[in-house]
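So the chains spell out like this:
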Amino acid sequence: MSEFPWTTASATGVGSHPGTDHLETLRVVFGEVPDLPYLPELPARGVGADMIGRTASLLVELPVEVRPSGWRFTDRPGRDLRRAREHLARDLDGLEEVAQGYEGPLKIQVCGPWTLAATIELRHGDRTLADPGAVRDLADSLAEGLAAHVAAVRARVPGAQVLVQLDEPGLPGALAGTVPTASGFGRLAAVEAPVAAERLRAVVPSDAFTLVHCCAPDVPFGVLREAGVGGVSLDAGLLRRRDEDAIGEAIERGTALFLGVVPGTDARLQDIGVVAKPAVDLWNRLSFAPSRLAEQVVLTPSCGLAGASPAYARSALAKCREAVRVLREDPEEE
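Residues numbered from 1 in each chain as written. Predicted model: local features only at pLDDT ≥ 70, side-chain atom pairs only at ≥ 80, totals over all residues. Heavy atoms only, no water.

A. Geometry of the overall build of the chain. Secondary structure summary: the chain contains 12 helices and eight strands in total. By the compact-globule yardstick of 20 Å for 334 residues, the chain fits well, its C-alpha radius of gyration being 19 Å. Along the three orthogonal principal directions, the C-alpha set of the chain runs to about 60 × 45 × 35 Å. For the chain, long-range pairs separated by at least 24 residues make up 73% of all intrachain contacts whose partners lie at least 6 apart in sequence. Put simply, the chain shows about 14000 Å² of open surface, and 48% of that area lies on carbon and sulfur atoms. The centroid of the 34 positive side-chain charges in the chain is displaced by 5 Å from the centroid of its 46 negative side-chain charges. (Helix = DSSP H or I, 4+ residues; strand = E, 2+ residues; numbered from the N terminus. Rg over C-alpha atoms; globule rule 2.2 N^0.38 Å. Contact = heavy atoms within 4.5 Å. Areas by Shrake-Rupley, 256 points an atom, 1.4 Å probe, with all protein chains shown as cover. Lys, Arg positive; Asp, Glu negative; His and termini not counted. Charge placed at Lys NZ, Arg CZ, Asp CG, Glu CD.)

Listed below in structure tokens is the structure:
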């Protein structure tokens, strides 16, 4: 029996999907990755269905709107925020319908505080990341809204064991000081690692397994460890040998690895041995017990599937589900 919320040899998706039919997409997810399904996101539906707008709809007492430059905080709720909340409400209705009677792990995804702060602008112009006090308020608001969202998911699917994925593609840039100012002519000051960990930790729910997805180079494993997350989701194609010491330390501490092993956009899918090879080879190089590989590693596409065709999105999930069986075997025999 795995010590993690999912069964041994599980696969899942990152979050986003193509198309606009949320019911059909939910059926695909529950059909193709039944051991670890998730609440998919469909950004093609428009304003408020994107990663930023969807998460901003959860914020408490921090309304947002869309400007030509993107999402911005505003004084009062308006049409854009209402659309975002309506999208999410329909998704929860669909989840309740499709997942009726389901018992087991169920993943939800929200944008993390640092990516939100690097994207949403303050009322008067610059990005939230430029104001440490505003970042603190954003993280606190997100924590409160996320707790309510988790409770809403549990109410819709009483048999679910909810996992929370915080999407943080912008975190490495915030730490490196490469996030541009709103004008684009400068760069915002780098965030110190302890501060980054503190704000992340404030958002992590105390009653749900939480992982951070970061489909960017230089995943900050130390920050994620200090934030107290239980898993890290990343693109296997972006890993470098210099990352492996940090990955090994994370695995040794019990951190789960959600490893992206098939492309997120249409491509020829390899056979299951080739798909599973990055996970098997990494585990061998790090010299961990083969018996733990299928428990601690979950296979996923490399990133969200919003840019793929619907047929490919289904096939990518199916390939991950099939390939994860290879992890049950002794890697040394591969």
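B. Geometry of empty space enclosed by the protein. A complete count under the given rule lists three cavities of 30 Å³ or more for this structure. Every residue lining the largest cavity is listed: Cys 214, Cys 215, Ala 216, Pro 217, Asp 218, Val 219, Phe 221, Leu 234, Asp 235, Leu 238, Leu 239 and Asp 243. When its residues are assigned to classes, the lining of the largest cavity shows nine nonpolar, no polar and three charged. Here the second largest cavity defines a volume of roughly 50 Å³. What lines the second largest cavity is simply Leu 39, Arg 54, Thr 55, Leu 58, Leu 88, Gln 109, Val 110 and His 149. Looking at the lining of the second largest cavity, the elements with two or more residues in it are helix H2 (51–56) and strand E3 (104–111). Among the residues forming the lining of the second largest cavity, the class breakdown is four nonpolar, three polar and one charged. (1 Å grid on protein atoms, 1.4 Å probe; cavity = no way out; pocket = protein on both sides within 12 Å on 5 of 7 lines; lining within 4 Å. Points joined across faces, edges and corners; volume = space filled by probe spheres on them. Nonpolar A, V, L, I, M, F, W, Y, C, P; charged D, E, K, R; others polar.)

C. Spatial organisation of the pattern of salt bridges. Counted by the stated rule, this structure contains 24 salt bridges. Across the pair Glu 97 and Arg 27 runs a salt bridge, and its minimum N-O distance is 3.9 Å. Of this pair, Glu 97 sits in helix H3 (residues 79–98) while Arg 27 sits in helix H1 (residues 22–32), and the two are 70 residues apart along the sequence. Here Glu 97 falls in the partly exposed class, since its relative accessible area comes to 47%. Between Arg 242 and Asp 218 there is a salt bridge; the shortest N-O distance is 3.5 Å. Note that Arg 242 is positioned in the loop between strand E6 (231–235) and helix H9 (244–252) and Asp 218 in the loop between strand E5 (209–213) and helix H8 (221–227), a separation of 24 residues in sequence. (Salt bridge = Lys/Arg side-chain N within 4 Å of Asp/Glu carboxyl O. Buried < 20%, exposed > 50% of the residue type's maximum accessible area, 1.4 Å probe, protein only.)

D. Region of interest: unusual backbone geometry. In the Ramachandran plot, Glu 61 falls in the positive-phi region, its phi being about 60° despite a non-glycine side chain. At Asp 218, a position not held by glycine, the phi torsion is positive, near 60°.

E. The arrangement of the sheet that holds strand E4 (residues 160–167) in detail. Sheet architecture is open: six strands sit in the order E3-E4-E5-E6-E7-E8, paired in parallel fashion. Every other strand in the sheet has two partners, leaving E3 and strand E8 (297–301) as the edge strands with one partner each. Ignoring strand direction, the axes of neighbouring strands in this sheet form an average angle of 25°. As defined by bridge partners, strand E7 (residues 256–262) adjoins E8 across five bridges and the pair is classed as parallel. Along E8, the bridge assignment pairs Leu 259 with Leu 299. Docked against the sheet, helix H5 (residues 132–156) engages E3 and E4, running at close to 150° with respect to E3. (Pairing = 2+ DSSP bridges. Axes fitted to C-alpha atoms, helices over the stretch in contact; angles between N-to-C directions.)

F. How the structure looks around the side chain of Ser 233. Of note, Ser 233 is situated in strand E6. By relative accessible area, which is 1% here, Ser 233 ends up buried. A distance of 2.8 Å separates the side chain of Ser 233 from the side chain of His 213, its partner in a polar contact. Once residues within four sequence positions are removed from consideration, Ser 233 is found in contact with Leu 211, Val 212, His 213, Cys 214 and Phe 258. (Polar contact = N/O pair within 3.5 Å; in protein donor to acceptor, adjacent residues only side chain to side chain.)

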